[in-house]
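# Understanding the architecture of this molecule
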Amino acid sequence: MRTGSPRHLRFLALLTLAFITASLVAQEQSKPKPEDTEVWSPVPKIVTPGATCGAPPSDAIILFDGKNLDEWVSAQDHSPAQWIVHDGIVTVAKMAGNIETRRKFKDYQLHLEFQIPANITGSGQARGNSGVFLASTGPGDDGYELQVLDSYNNTTYVNGQAASIYKQSAPLVNPNRPPGEWQTYDVVWTAPTFHEDGSVKTPAYATVFFNGVLVQNHFQLQGQTLYIGKPFYKAFDSAPIKLQAHGDKSEPISFRNIWVRELN
Ligand code: MG
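Here the structure is a predicted model, which is why all the values come from computation and not from measurement. (Residues numbered from 1 in each chain as written. Predicted model: local features only at pLDDT ≥ 70, side-chain atom pairs only at ≥ 80, totals over all residues. Heavy atoms only, no water.)

Attention now moves to the overall build of the protein chain. Along the protein chain, the regular secondary structure elements total one helix and 17 strands. Taken along the three principal axes of its C-alpha coordinates, the protein chain extends 90 × 50 × 35 Å. Relative to its full complement of 264 residues, the protein chain shows a buried share of 47%. Pairs at least 24 apart in sequence give 69% of the contacts found in the protein chain among residues at least 6 apart. Summing over all exposed atoms, the protein chain offers an accessible surface of approximately 13400 Å²; the carbon and sulfur share of this is 56%. Distance between charge centroids for the protein chain: 10 Å, based on 22 positive and 25 negative side chains. (Helix = DSSP H or I, 4+ residues; strand = E, 2+ residues; numbered from the N terminus. Buried < 20%, exposed > 50% of the residue type's maximum accessible area, 1.4 Å probe, protein only. Contact = heavy atoms within 4.5 Å. Areas by Shrake-Rupley, 256 points an atom, 1.4 Å probe, with all protein chains shown as cover. Lys, Arg positive; Asp, Glu negative; His and termini not counted. Charge placed at Lys NZ, Arg CZ, Asp CG, Glu CD.)

Of the pairings in the sheet, the one linking strand 11 (residues 182-190) to strand 14 (residues 205-210) comprises six bridges and is antiparallel in character. Among the inter-strand pairings, Val188 is bridged to a residue of strand 14, identified as Thr207. (Pairing = 2+ DSSP bridges.)

Take the packing of aromatic side chains next. Counted by the stated rule, this structure contains 12 aromatic pairs. Consider the rings of Tyr144 and Trp189, whose centres lie 5.8 Å apart with planes at 55 degrees: the pair is tilted. Taken together, the residues Tyr144 in strand 9 (residues 144-148) and Trp189 in strand 11 connect sequence positions 45 residues apart. The pair formed by Tyr144 and Trp189 is uniform in burial state, with each residue classed as buried. Ring pairs connect the aromatic residues Tyr144, Trp189, Phe194, Tyr233 and Phe236, which therefore count as one cluster. (Phe/Tyr/Trp six-rings, centres within 6.5 Å; stacked < 30°, edge-to-face > 60°.)

All right, on to the nonpolar core then. Ranked by size, the top nonpolar core spans 52 residues in total, and within it Trp83, Leu110, Val132, Tyr185, Trp189 and Phe255 carry the most contacts. Put simply, the parts of the chain that give this core at least two residues each are strand 2 (61-64), strand 7 (108-115), strand 8 (130-135), strand 9, strand 11, strand 14, strand 15 (213-220) and strand 17 (254-262). A per-element tally of this core places strand 7 first, with four residues. Once residues within four sequence positions are removed from consideration, Trp189 is found in contact with Lys106, Asp107, Tyr108, Leu134, Ala135, Tyr144, Ala204, Tyr205, Ala206 and Leu221. (Core = buried A, V, L, I, M, F, W, Y, C linked by side-chain atoms within 4.5 Å.)

Let's shift gears to a nonpolar patch on the surface. Taken together, the side chains of Leu9, Phe11, Leu12 and Leu15 make up a nonpolar region of the molecular surface, amounting to roughly 380 Å² of accessible area. If you trace the backbone, Leu9 turns up in helix 1 (residues 6-30). Residue Leu9 is classed as partly exposed on the basis of its relative accessible area of 49%. (Patch = residues over 30% accessible without salt bridge, like charges linked within 9 Å, V, L, I, M, F, W, Y side chains within 5 Å. Salt bridge = Lys/Arg side-chain N within 4 Å of Asp/Glu carboxyl O.)

What follows is the structure in C-alpha cells.
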C-alpha cells in the first residue's frame, strides 16, 4: 500500500474510527453506575416476627394519627402535603412527590407503620418502594434513607431491601410480613454533627427494629445514602423527616401511626 493512496487513506480512517470507538467504550465503562454500589450477598436470613405494639408514649410528638397531614408539607415547595388521608391511614400520592415534617429534628426515636398493598405488583426495587429519610437535608440532597420496600419474596440487592440503610447496610435479618399486613419500624437516630468548617465531628448512627426485630444495630453511616456513587457527608444542623413517593409503577403503599420522641 502506497502512502497517500486511496487504500492507505481508507485504512487510516478505519484505524482512527476504531481508536475513537475504543476510547468512548472505555469512557462509558469507567463512568460510575448504580450497580457499582449494589451488594447481593449474603442474603439476610428470614425471621418470622412476633406481635408488635406501637401506641405512642405520653411524651411523643404525634406526626400522623389518622386524621390529617397538618404536621407534613411537600418536600419540594413546603406547600401542604397532598397525600391521601382516608380510613385512618395515609396513602402515597406518587404525583404529589415526597412529603416531610414541618418540624426539624436532631436525635430522636421514631415509630411508624406501613402497609404494602395486598395486590402489589412489580419486582426488585419497583415493588412497593418508598423510604423514610431520617434526615431530609434539602431538595438537592439525597439525605439519609431507611428503605421501605416489599422484601417478602422479592429479590433485590440486599443493601437496598426493606430496612436497609440504602446502599450502606443490609438488614441483619429479614422479618418482612406479607403484602397486605401492617408492619412497623422503630428507629433510634443519632444525627451527625459537624465542625464550623463543615467537616464531620461525629457521624450519624441508626438503630432499627423492623416488626420488633433488630435489623440495624447502631450502624454508623458513611454519609448520605446515594443511588450512584460513594456516600459523603454534607453539614446540616437539624432536619425534617421525609417520606418517599418513589417513581416506580407499583401500587402505592400506605402509612399510619407515626410518632417521634426527641432525644436532645
Ligand atoms: Mg426508597
